[in-house]
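Per-entry structural report
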Amino acid sequence: MSQLGSRCPQGFPRCPRWIPGVPRASHGGPIVLQSPPMDLVAGLGCACAGLVALALLVVAQRLGLLYRLCHKVDTASPRHGGELVAEVLRAHGVRFLFTLPGGHISPVLVACEKLGIRVVDTRHEATAVFAADAVSRLSGRIGVAAVTAGPGVTNTVTAVKNAQMAESPLLLLGGAAATLQKGRGALQDIPQVPLFRTLCKAALSVRAVRDIVPTLRRAIATAMEGTPGPVFVELPIDVLYPFHVVQKEIGGPKTPRGLRGKLVQWYLGNYLQDLFAGAWEPRDPTPLPLRVPTAAPEQVQRCAELLSRARRPLVLVGSQALLPPTPAEELRSALESLGVPCYLGGAARGLLSPECPLLLRQNRRDALRDADLVLLAGTVCDFRLSYGRLFGRGTAVVAVNRNRTQLLRNSDVFWKPRLALQGDPASFMVALARSLQDFSCPREWLERLREAERNKEQRNRDKAAVSPPCHLNPLALLQAVDQVLPPHSLLVADGGDFVGTAAYIVRPRRPLAWLDPGPFGTLGVGGGFALGAKLCRPEAEVWVLYGDGSLGFSLMEFDTFVRHKVPVIALVGNDAGWTQISREQLPLLGSAVGCGLAYSGDDSATSVPPW
């Protein structure tokens, strides 16, 4: 052994042969190399064994082997996953399932029919979603549509986005290729869940039959609580059909050859077992508790103080104020108790009776400019309020909204709230009315607004009295409609110019008696909204106010109305053009290209739109 202090051939002092962790030799003697202690070797062995065991447990969990130790597979059962879907829907009070059928979702349709849920098939998947949207708005319960995989799902995108922006609770059930076949070229297989993540509050996929019930319960609760919105649940075809059908479709080699063939056969069999393990064990299908945000009592009191000092207060009520759990009648009583003049928008139209002195429909821009306090109850400062630019310079704005983003929309640009409360607008208004039972709105302010209202309506009557050289005066027509509407009428708005005019003339007779698309401004909602509305309220006289352009999106659904015995009235404002567009396009850009339609079927009428 070389001695310490000797030199290496290169002329450098030789370093001691010391191994880190091994003690140096004492008194400069030779270094003695010692073997690692046995307990260290044993510890390393135990750690490796633990890691291997953990890895095996993870693999067993992923393959469902652990779950099947306590939950068995009933291979002889004729039941299928569609029955579980139907049980959850029935437990949540669902009365209608809107659909365009496809093989991927057939078990759901059949099971719903057996449990008494009415299956209503439409001519387009978007109509099914629009109909479910209408049911959710009018009933306060979840609206449900089921569509087949691939193009069936993608056809619903516009309707789902419309529901998201209108804050409508909605459950969309989408068929899908078997989980085992995803990405392998199966029929109508596309990545559907990523597509809907930006359109929905949640986008979920069911992986096993036992997961159907808990997934649907969680999906419905998510759609309805907080700020409501749509939820998408993907149901792969192999979780919906019976065991024997799925077993036959999965296939696999009957006489596997070699190790690879045996591994494939084992994997397919294990996949099938995990898919149906514990499938028919009893599970609670009833609704989960819902969480609805509410304003704190001290926030209500602060708003009460602001309102009590106001001389020119104004309330704007939006669609969100009509959401459950506060009944519309209770909200109406609160508004009448406060006695503050009101503008109603969206689903809130009809909340106050047409004869109510607090109800205003005209001159909103002037009223907002002159008010010293504006209370936004579920109303958002988006394009409908010119992003907040309509408020007067010294106006105190109090905003109440369930959604914080909507609550403060554009507040950093054109307006600033004096008080911003994240909570349910309806329950807030009820609490505010209770805290201000002795409050009285200044009479001169209300009378000033009423006088401006009467003057504007008189000008509209004067315009309606003018007879055009041909066709009908739309103002006169809509005023006549307003005169004949019965108390139990329900209006569906689907159009541009014609419907925009109707919004200022035709008065809904009761709460939740006006359905329009909402802030997305979607054309084509008419057929679906009317279908859902009439089924939900069979006693109502349902009117669809169409433009001649929007009618084309759902004209085929009149076949659906006939087949399902759903009588509706359609009033079409036909000006042979996309006039709302051409009115700006022509003077700004010098051409009305693409905006012309025709008076089809009337040879005596001109085919040129009367611009």
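See the structure printed just above.
As a starting point, this report considers the structure included with it. Since the model is a prediction, treat every value here as computed from it, not as a measurement. All residue numbers refer to positions counted from 1 along the written sequence of the respective chain. The predicted origin of the model limits local features to residues at a pLDDT of at least 70 and limits the giving and counting of side-chain atom pairs to 80 or more, whereas totals for whole chains, interfaces and linings rest on all residues. Excluding hydrogens and water, the side-chain values take into account all heavy atoms of the structure.

**What to know about the overall build of the protein**
The cut-off we apply is this: Under the DSSP-based scheme used, a helix requires at least four consecutive residues in state H or I and a strand at least two consecutive residues in state E, with every element numbered from the N terminus. Note on contacts: a residue pair qualifies if any of its non-hydrogen atoms lie within 4.5 Å across the two residues. Each accessible area is a Shrake-Rupley estimate made with a 1.4 Å probe; only the visible protein chains count as cover when residues are assessed.
What the protein contains, in helices and strands, is 22 helices and 16 strands. Within the protein, residue pairs in contact and separated by at least 24 positions form 73% of the contacts whose partners lie at least 6 positions apart. Total accessible area on the protein stands at roughly 29,900 Å², and carbon and sulfur atoms take up 57% of it.

**Thoughts on the nonpolar core**
In plain terms, the rule: To form a nonpolar core, buried Ala, Val, Leu, Ile, Met, Phe, Trp, Tyr and Cys residues must be joined to one another through side-chain atoms within 4.5 Å. Note on exposure labels: buried denotes an accessible area under 20% of the residue type's maximum, exposed denotes more than 50%, and partly exposed covers the range between, all computed with a 1.4 Å probe on protein chains only.
F98, L314, L375, F428, M429 and L432 are the most contacted members of the largest nonpolar core, which totals 107 residues. For this core, the element with the most residues is helix α4 (residues 125-139), which contributes 9 residues. Those residues within four positions of M429 in sequence are excluded, and the remaining contacts are V315, L331, A334, L335, L338, L375 and A377. Counting residues in hydrophobic clusters, the runner-up holds 44 residues, among them V85, I105, A202 and F243.

**With respect to the sheet that holds strand β9 (residues 359-360)**
As a reminder, the rule being used: By definition, two strands form a pair when at least two bridges between them are found by DSSP. Angles shown run from 0 to 180 degrees and are taken between the N-to-C directions of axes, each axis being a line fitted to C-alpha atoms and, for helices, limited to the stretch in contact.
Within the open sheet, the 6 strands sit side by side as β9-β8-β7-β10-β11-β12. Their pairing is parallel. One side of each edge strand has no neighbouring strand; the edge strands of this open sheet are β9 and β12 (419-422). Strands in contact with helix α15 (residues 425-435) are β7 (313-317), β10 (373-377), β11 (396-401) and β12; relative to β10, the strand with the most contacts, it is inclined by about 135°.

**Some details on the pairing of strand β6 (residues 230-236)**
Stated precisely, the cut-off is as follows: A right-handed crossover is one whose linking path, passing over the helix from the first strand to the second, runs clockwise when the strands point away from the viewer.
The element β6 is largely enclosed, with a buried count of 7 among its 7 residues. Neither face of β6 is left uncovered, since the one carrying P230, F232, E234 and P236 and the one carrying V231, V233 and L235 both have all their residues buried. Alignment of strand β5 (residues 202-205) against β6, held across 4 bridges, turns out to be parallel. Within the sheet, the bridge partner assigned to S205 lies in β6 and is E234. Handedness of the crossover joining β5 and β6 through helix α8 (residues 212-224) is recorded here as right-handed.

**A closer look at a nonpolar patch on the surface**
To be explicit about the condition: A patch consists of residues exposed above 30% relative accessible area that lack any salt bridge, with like charges linked at up to 9 Å and nonpolar side chains (Val, Leu, Ile, Met, Phe, Trp, Tyr) linked at up to 5 Å. Should a side-chain nitrogen of Lys or Arg be within 4 Å of a carboxyl oxygen of Asp or Glu, the pair is scored as a salt bridge.
Taken together, the side chains of F383, Y387, V413 and F414 present a nonpolar region at the surface, about 390 Å² in accessible area. Inspection of the secondary structure assignment puts F414 in the loop between α14 (404-407) and β12. Residue F414 is classed as partly exposed on the basis of its relative accessible area, which comes to 41%.

**Some details on the side chain of R137**
Rules: Two N or O atoms form a polar contact when they lie within 3.5 Å of each other; inside protein one atom must be a possible hydrogen donor and the other a possible acceptor, and for residues adjacent in sequence the pair counts only when both atoms belong to side chains.
Mapped onto the fold, R137 is located in helix α4. Relative accessible area serves as the criterion here: at 14%, R137 is assigned to the buried category. At 3.4 Å, the side chain of R137 forms a polar contact with the backbone oxygen of P517. What R137 contacts, discounting residues up to four positions off in sequence, is N162, A166, S168, L512, L515, D516, P517 and F529.

**Quick notes on the sheet that holds strand β1 (residues 96-100)**
Across a sheet, paired strands are connected by hydrogen bonds in the backbone, their directions being either parallel or antiparallel. Strand order across the open sheet formed by 6 strands is β2-β1-β3-β4-β6-β5, with parallel pairing between neighbours. The outermost strands of the open sheet, each flanked by one partner alone, are β2 (118-121) and β5. Going from strand to strand, the sheet's axes swing by 20° on average, the running direction of each strand aside. Bridge analysis of β1 against β2 gives 4 bridges, and the strand direction is parallel. Looking across to β2, one finds that F98 is bridged to V120.

**A look at the pattern of salt bridges**
In this structure the tally under the stated criterion is 24 salt bridges. The closest approach of N and O atoms between R311 and E444, which form a salt bridge, is 3.6 Å. Here R311 is found in the loop between α11 (297-309) and β7, whereas its partner E444 is found in helix α16 (residues 443-464), with 133 residues between them in sequence. Overall, E444 belongs to the exposed group, its relative accessible area being 54%. Note that D382 and R384 form a salt bridge whose closest N and O atoms lie 2.6 Å from each other. Here D382 falls in the buried class, since its relative accessible area comes to 12%. Salt bridges sharing partners connect three or more residues here, namely D121, R123, D559 and R563.

**Topic: the packing of α16 against helix α17 (residues 474-484)**
Operational definition: In a left-handed crossing the near helix is turned counterclockwise from the far helix by less than a right angle, and in a right-handed crossing that turn is clockwise. Residues are grouped as follows: nonpolar covers Ala, Val, Leu, Ile, Met, Phe, Trp, Tyr, Cys and Pro; charged covers Asp, Glu, Lys and Arg; every other residue, Gly included, is treated as polar.
Remark: α16 packs on α17, axes separated minimally by 7 Å, with the N-to-C direction vectors making an angle of 115°. Viewed along their axes, α16 and α17 form a crossing whose handedness is left-handed. Taking contact as the criterion, the partners of N460, R461, K463 and A464 in α16 are, on α17, L475, A476 and Q479. Looking at the contact of α16 with α17, its residues break down into 3 nonpolar, 2 polar and 2 charged.

**Things to note about helix α2 (residues 81-91)**
Among the residues of α2, G81, G82, L84, V85, A86, V88 and L89 are the ones counted as buried. With its phi angle positive at about 75°, G93 sits one or two positions after the end of α2.

**Considerations on the packing of α2 against α8**
Two numbers describe how α2 lies on α8: the axes approach to 9 Å, and their chain directions differ by 35°. The way α2 lies across α8 gives a crossing that is right-handed. From α2, G81, L84, V85 and V88 reach across to α8, where they touch I212, V213, L216, R217 and I220. When grouped by side-chain class, the residues that make up the contact of α2 with α8 number 7 nonpolar, 1 polar and 1 charged.

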